[in-house]
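So you can see what is in the structure, the chains are spelled out below.
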Number of protein chains: 2
Amino acid sequence: MSKHPGLQVEESRRTLGPLFAPIQAELAEAERIFQHELRSRFPFVQALVEHCGDYQGKRLRPALVLLAAKACGRITGDHPVLAAVVEMIHTATLVHDDILDESIVRRHAATVNAEWGNETAVLLGDYMFTHAFHLAASLDSTQACRWIGAATNKLCEGEMQQVHHRGNLDLDEASYFAIIEGKTAELTAVSCRLGAHYAGADDEVCEALDRYGRCLGIAFQIADDVLDIWGEERTTGKSLGTDLEKQKLTIPIIRLLESGDPETVDLARRLLNEAQAESRKRLRPLLEESGALDYSWEKARWYVKQAIDALDVLPPSDSKAVLVVLAEYVVRRTS
Amino acid sequence: MSKHPGLQVEESRRTLGPLFAPIQAELAEAERIFQHELRSRFPFVQALVEHCGDYQGKRLRPALVLLAAKACGRITGDHPVLAAVVEMIHTATLVHDDILDESIVRRHAATVNAEWGNETAVLLGDYMFTHAFHLAASLDSTQACRWIGAATNKLCEGEMQQVHHRGNLDLDEASYFAIIEGKTAELTAVSCRLGAHYAGADDEVCEALDRYGRCLGIAFQIADDVLDIWGEERTTGKSLGTDLEKQKLTIPIIRLLESGDPETVDLARRLLNEAQAESRKRLRPLLEESGALDYSWEKARWYVKQAIDALDVLPPSDSKAVLVVLAEYVVRRTS
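The rules behind each value
Residues numbered from 1 in each chain as written. Chains lettered and ligands numbered in written order. Predicted model: local features only at pLDDT ≥ 70, side-chain atom pairs only at ≥ 80, totals over all residues. Heavy atoms only, no water. Contact = heavy atoms within 4.5 Å. Buried area = accessible area lost by both parts, 1.4 Å probe. Salt bridge = Lys/Arg side-chain N within 4 Å of Asp/Glu carboxyl O. Core = buried A, V, L, I, M, F, W, Y, C linked by side-chain atoms within 4.5 Å. Buried < 20%, exposed > 50% of the residue type's maximum accessible area, 1.4 Å probe, protein only. Helix = DSSP H or I, 4+ residues; strand = E, 2+ residues; numbered from the N terminus. Least-squares fit on C-alpha atoms with pLDDT ≥ 70 in both.

Caption draft 1: A look at the interface of chain B and chain A. Contact residues are listed per partner, giving 42 residues for chain B and 42 residues for chain A. Between chain B and chain A, a total of about 3900 Å² is buried, with carbon and sulfur atoms accounting for 71% of that surface. It is B:Glu119, B:Leu123 and B:Met160 in chain B that bury the most area against chain A; as a group they hold 18% of the surface buried on that side. Counting across the chain B and chain A interface gives 4 salt bridges. Where B:Glu119 meets A:Arg166, a salt bridge forms, and the shortest distance between an N and an O atom there is 2.7 Å.

Below, the structure written as structure tokens:
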């Protein structure tokens with residue numbers, strides 16, 4: 001295994017773009033709808049919305065809506081709207097997460113809280129949440145609003161649990177998984193479910209796509225958590241090491257504390273209690289030598305396999321193949 | 001005019017309860033739906049939800065949904081759901097407003113930010129926003145989601161404008177009204193519109209009820225802004241004077257700066273720039289003697305009259321009479 005798996009994961013993510021070539025037109029349409037829905041007659045608000053346009057990230061969630069649709073049937077006029085909705089929810093959570101984490105950089109741009117203050121960031125996040133639901137309600141039925149509502153409810157609950165457990169050095173693995181399933185996997189799951197449902201898929205297929213998105217989301221979050229310890233800010237374009245500074249326990253740390261030898265655990269606890277920026281570097285060798293890092297990647301790979309297995313319900317197609325590759329990319333170059 | 005109009009307004013508000021006797025059962029049902037929708041399997045989240053139940057306020061917005069319904073036709077099973085939705089949106093904005101204002105007391109209880117920190121308050125507000133839309137989507141059509149979405153979009157925009165103009169001592173009256181129409185009147189307007197529409201009212205009546213709610217909301221916010229300067233925390237149960245401390249200009253101050261004599265304006269600007277808690281007491285006589293206070297109440301009364309006039313479209317009924325009294329209460333004992 002590489003000594004810098006996080007860095008390599010990030011590199012692999014940047015290569016996702018070409019995978020999305022078959023849905024490029026619909027992704028662009030989703031982006032147009034996103035900007036159009038959020039536009040404001042107030043120049044201050046408009047400037048904030050445009051700033052968040054610079055957050056242009058991986059577009060993972062809108063891509064999942066569109067790829068799931070294509071793999072289950074065909075992309076309709078509703079899909080780019082749904083893709084814009086899930087991206088808007090995701091962007092709203094990023095804006096609020098940056099307040100919680102006191103982050104100052106996001107995708108190589110200043111965070112809203114760093115540039116305009118926490119108050120503006122709170123309100124801009126709200127503005128995006130309410131616009132997302134307003135946009136979802138532009139569709140014919142209440143189905144999308146209901147599913148997106150349920151998913152974001154669980155998302156917020158997961159985030160609240162995470163804040164609640166900050167500084168809790170006894171957080172166990174089950175609680176960690178409950179948190180990341182809420183804060184990350186609910187939205188990737190509902191993205192796939194919506195893509196399938198609005199392409200005319202039956203309940204069984206919708207369930208399978210939900211499971212694919214859920215397992216992919218969990219694997220993705222594990223990779224993100226590893227990246228927070230091993231990544232480089234220059235490459236990732238966001239503030240790193242915030243999990244440790246905020247005493248937010250993630251799987252490598254939890255594993256170390258649960259299974260390391262007493263002396264190592266003792267040192268790790270001391271470093272976590274200090275909650276300094278440099279603790280990150282001093283914890284890395286402990287996590288690597290104890291096997292906690294390997295363990296984390298193993299878990300991620302297990303979820304990737306579950307995600308891919310869930311796709312068995314679908315007939316072979318180019319889009320299904322992309323969904324498989326997408327899941328594999330999450331933990332690429334780590335084995 | 002009394003020397004303490006704010007205090008008297010608050011006293012009058014506490015007497016609103018008896019007015020709601022005809023809709024008491026439906027208000028209780030709305031309260032039950034509110035708590036049921038927000039319940040969580042996580043004890044920490046559940047405790048937060050229950051804490052906000054202690055915010056039990058005037059229940060103005062749910063009462064508007066139900067009274068508008070009764071005045072336009074009859075209360076159906078949808079109305080208590082809608083009443084719970086608008087109260088949930090309102091509570092979400094209160095939780096987030098308390099972060100913006102750094103308030104520590106709300107309705108005689110600690111604010112969420114004061115008790116559990118800003119991070120938890122951000123997430124609890126989000127949790128309430130998403131649950132409100134999830135609940136709205138439980139109705140048959142997307143109409144409620146669309147109207148509530150549009151209203152909350154404008155609400156957030158109004159709040160962002162307010163934050164943007166903090167410290168701007170040149171804020172004019174038109175901008176102030178644009179802000180309070182967004183942050184307060186959109187939600188009271190949509191409450192009345194929803195009540196009317198789901199009672200089977202036609203477009204003309206829905207428009208009239210929207211106008212009633214909008215004008216009542218504006219008058220209500222003017223009264224609130226006056227209360228922030230003249231009220232007593234003991235009576236109102238919330239942190240006061242925060243507008244001045246945050247250099248958030250409201251109508252009495254705007255009027256004073258626009259129409260006071262140069263010496264008074266100069267002193268007022270100096271006090272506003274100091275932004276101290278005691279500035280509030282030193283500004284009061286300037287606002288009273290310059291006529292800026294009277295002017296503010298006059299504006300509030302004008303909006304109350306507009307609200308009542310909008311009800312002309314309705315036939316006489318007990319509920320219509322309550323809506324009239326409700327509008328009058330906003331500025332009661334001030335003339």
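Caption draft 2: Local environment of the nonpolar core. By size, the foremost hydrophobic cluster in this structure holds 241 residues, and its most contacted members are A:Leu209, A:Tyr212, A:Leu283, B:Leu209, B:Tyr212, B:Ile222 and B:Leu283. Here A:Leu283 is in contact with A:Leu244, A:Ile253, A:Leu256, A:Ala268, A:Leu271 and A:Leu272, once residues within four sequence places are set aside.

Caption draft 3: Helix α3 (residues 43–53) of chain B, seen in detail. A large share of α3(B) lies buried, amounting to 8 of its 11 residues. On its buried face, α3(B) sits against α8 (143–164) of chain A together with α2 (24–38), α5 (78–100), β2 (109–110), α6 (112–116) and α7 (118–136) of chain B.

Caption draft 4: Fine view of the relation of the copies chain B and chain A. Its rotation angle being 180°, the transformation that places chain B on chain A also includes 0.0 Å of axial translation and leaves an RMSD of 0.0 Å. The relationship between the two copies is best expressed as a two-fold rotation axis. Among all C-alpha atoms of chain B, that of B:Thr142 lies closest to the rotation axis, at 2.7 Å. In this assembly, 100% of the residues forming the interface of chain B have copies in chain A that are likewise at the interface, indicating an isologous arrangement.

Caption draft 5: Highlighting the environment of A:Glu157. Along the chain, the position of A:Glu157 falls in helix α8. Each C-alpha atom, one on A:Glu157 and one on A:Lys183, is 7.7 Å from the other, the two residues being 26 residues apart in sequence. Setting aside anything within four residues of it in sequence, one finds A:Glu157 in contact with B:Ser40, B:Arg41, B:Phe42, B:Val45 and B:Tyr127.

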